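# Commentary on secondary and tertiary structure
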Amino acid sequence: MTRDDLDPPSSDVASEWRPVEAPPASDRDDELMRNPPPGEHHLGRFAGYAAARRIRRVLIACLAVLVAGTVFAWYRWARRGDDPTALRQFELPAGTDTSERPRVLAWSQGKARLGLTREPPGVDTIELPDRTLKLKDGSDMAQFKVVVEDGKTTAIEPVSGEIVELLHPGASPLLKP
C-alpha cells in the first residue's frame, strides 16, 4: 500500500468539530478576581527562594570572611618564628681554646643531615668511607644529606651552601659539578 492508494480526507472535517463552549456558571464565580493584584503568586515555590536572597548573601559573605580569616591565621601561624633557612650561630665562652678541638667528622653508616662551617668550633671536613667532603672556596657554611650503605656513599643531596667531594680510589662522583 502506498500513500497514493489512501483516500484523501473529506473536506467537511471542520464542520464535524464542536465549538468550545464556556463552562457552566457557578455560584462562586463572583468570588474570583478579574484582575488579581500584582505580586509573586506566579512564582510558586521560587517565591520563597527569592525571599531568602538577602539572608543567603549575608551568610555567604560571613562564610567568605571566615574562610579568609582562617587562611590568614593559618598562614601567620605557619610562618611564625625565625627564618628556617637561617642557621643558628653559637659562640663559645670567652677564653676557650679551640685549637685542640678536632674539626673533622667521620660518618660510616646510615642516613644523616650534616653541616660544614669555616668558623671554629664547627666541622670543616667530613670523612665518608669512599670520599671526603669540604666547603667549596667562597662558601662559609653548607648543609647536606648523605646516605652511606655497606661502606659506600649512595646519595649526597645539598641543602644549603656549596661543597666539594674529594674521591678516594674506586669512588664515582655523586655531586653535579
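Residues numbered from 1 in each chain as written. Predicted model: local features only at pLDDT ≥ 70, side-chain atom pairs only at ≥ 80, totals over all residues. Heavy atoms only, no water.

## Regarding the overall build of the chain
This is how the line gets drawn: For helices the rule is a DSSP run of H or I covering at least 4 residues; for strands it is a run of E covering at least 2, with both sets numbered from the N terminus onward. Each accessible area is a Shrake-Rupley result for a 1.4 Å probe, and residues are judged covered by the shown protein chains and nothing else.
The secondary structure content of the chain amounts to three helices and seven strands. Reading the chain from its N end, one meets helices and strands in the order α-α-α-β-β-β-β-β-β-β. On the chain, roughly 15,500 Å² of surface is accessible, and the fraction owed to carbon and sulfur atoms is 56%.

## Comments concerning the pairing of strand β4 (residues 131–135)
Condition: Partly exposed residues are those whose accessible area sits between 20% and 50% of the maximum for their type, while under 20% is buried and over 50% is exposed, using a 1.4 Å probe and protein chains only. Two strands qualify as a pair provided DSSP detects at least 2 bridges between them.
For β4, the tally of buried residues reaches four of five residues, placing the bulk of the element in the interior. Bridging between strand β3 (residues 125–128) and β4 involves four bridges; their strand directions are antiparallel. Paired with Leu-128 across the strands is Arg-131, a residue of β4. Hairpin geometry of β3 and β4 is characterised by an intervening segment of two residues between the two adjacent antiparallel strands. Sheet topology places β4 next to strand β7 (residues 163–167); five bridges connect them, and they run antiparallel. What sits directly across from Lys-134, in β7, is Val-164.

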